[in-house]
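# What the coordinates show
Each chain is listed here by its residues.
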Amino acid sequence: MAVTQPTDIRQLGPAEMGITWSDGHESVYQVRDLRLSCRCAVCVEELTGVRRLSADSVPQDIRPVEVTPVGNYAIHIVWTDGHQSGIFTFPHLRENCQCAECEGSKSGGD
Ligand SMILES: [Zn+2]
Ligand SMILES: [Zn+2]
């Protein structure tokens, strides 16, 4: 199965990250929301899927320090709070896209 790949990942502002995808889609993320959506074993109980990460424990000014590709399916992010076990797969990133278009389709229109 072909996975849509990011062609460009960049910091848009102090708290925003942007990804351009191979299908032309332009994703926008609030970096803190991205941090909160982490599904690694530290943030989410592996067996039960229960979220261990509390939003209160993530600083408002959290930033990605380092973004590196993992194979051709994910990116690895090191955060300013020291968290670095999270892998963000491309489908996960697309699901969590916060651009106007995706936010609009999520809320189901008016
Ligand atoms: Zn995590
Ligand atoms: Zn989008």
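The present account deals with the structure reproduced in this document.

Cut-offs and rules
- Residues numbered from 1 in each chain as written.
- Chains lettered and ligands numbered in written order.
- Predicted model: local features only at pLDDT ≥ 70, side-chain atom pairs only at ≥ 80, totals over all residues.
- Heavy atoms only, no water.
- Buried < 20%, exposed > 50% of the residue type's maximum accessible area, 1.4 Å probe, protein only.
- Helix = DSSP H or I, 4+ residues; strand = E, 2+ residues; numbered from the N terminus.
- Pairing = 2+ DSSP bridges.
- Donors = N, O, S within 2.8 Å, 3.2 Å for Na, K, Ca; no water.
- Tetrahedral: all angles 85-135°; square planar, octahedral: opposite > 155°, others 65-115°.
- Contact = heavy atoms within 4.5 Å.
- Phe/Tyr/Trp six-rings, centres within 6.5 Å; stacked < 30°, edge-to-face > 60°.
- Lys NZ or Arg CZ within 6 Å of the ring centre and 35° of its normal.

Another point: the pairing of strand 2 (residues 16-21). Where burial is concerned, most of strand 2 is hidden: five out of the six residues are buried. Bridge analysis of strand 1 (residues 6-13) against strand 2 gives six bridges, and the strand direction is antiparallel. Considered in strand 2, the bridge of Q11 is made with M17. Between the antiparallel neighbours strand 1 and strand 2 lie two residues. Direction of pairing for strand 2 relative to strand 3 (residues 26-30): antiparallel, over a ladder of five bridges. Bridging across to strand 3, I19 finds its partner in S27. Hairpin connection of strand 2 to strand 3: four residues between the antiparallel strands, including G24 at a positive phi of 95°.

Another point: the coordination of the zinc ion (ligand 2). Coordination of the zinc ion (ligand 2) by the protein involves H25 (NE2), C97 (SG), C99 (SG) and C102 (SG), with metal-donor separations of 2.0 to 2.3 Å. Given four donor atoms and angles of 103 to 121° at the metal, the environment of the zinc ion (ligand 2) is assigned as tetrahedral. In terms of primary sequence, the donors binding the zinc ion (ligand 2) are separated according to H-x71-C-x1-C-x2-C. Of this pair, H25 sits in the loop between strand 2 and strand 3 while C97 sits in the loop between helix 2 (90-95) and helix 3 (100-106), and the two are 72 residues apart along the sequence. Residue H25 shares its accessibility class with C97, and that shared class is buried.

This paragraph deals with the coordination of the zinc ion (ligand 1). Coordination of the zinc ion (ligand 1) by the protein comes from C38 (SG), C40 (SG), C43 (SG) and H83 (NE2), over a distance range of 2.1 to 2.3 Å. Around the zinc ion (ligand 1), the four donor atoms are arranged such that angles at the metal cover 100 to 114°; this shape is classified as tetrahedral.

Our next topic: the environment of L12. Within the secondary structure, L12 is located in strand 1. Accessibility expressed as a relative area gives 42% for L12, which makes it partly exposed. Measuring from C-alpha to C-alpha, the distance between L12 and Y29 comes to 9.1 Å, with 17 residues separating the pair along the chain. What L12 contacts, discounting residues up to four positions off in sequence, is M17, G18 and V28.

With that settled, consider the packing of aromatic side chains. Under the defined criterion, the tally for this structure stands at two aromatic pairs. Residues W21 and F90 carry aromatic rings whose centres are separated by 5.9 Å and whose planes lie at 80° to one another, so their mutual orientation is edge-to-face. You can see W21 sitting in strand 2 and its partner F90 sitting in helix 2, a full 69 residues away along the chain. Across the pair, exposure class does not vary: W21 and F90 are buried alike. A ring pair is formed by W79 and F88, whose centres lie 6.3 Å apart and whose planes are at 65°; its orientation type is edge-to-face. With respect to burial, W79 and F88 carry one shared label: buried. Over the face of the ring belonging to W21 we find R94, whose NZ or CZ atom lies 5.2 Å from the ring centre.

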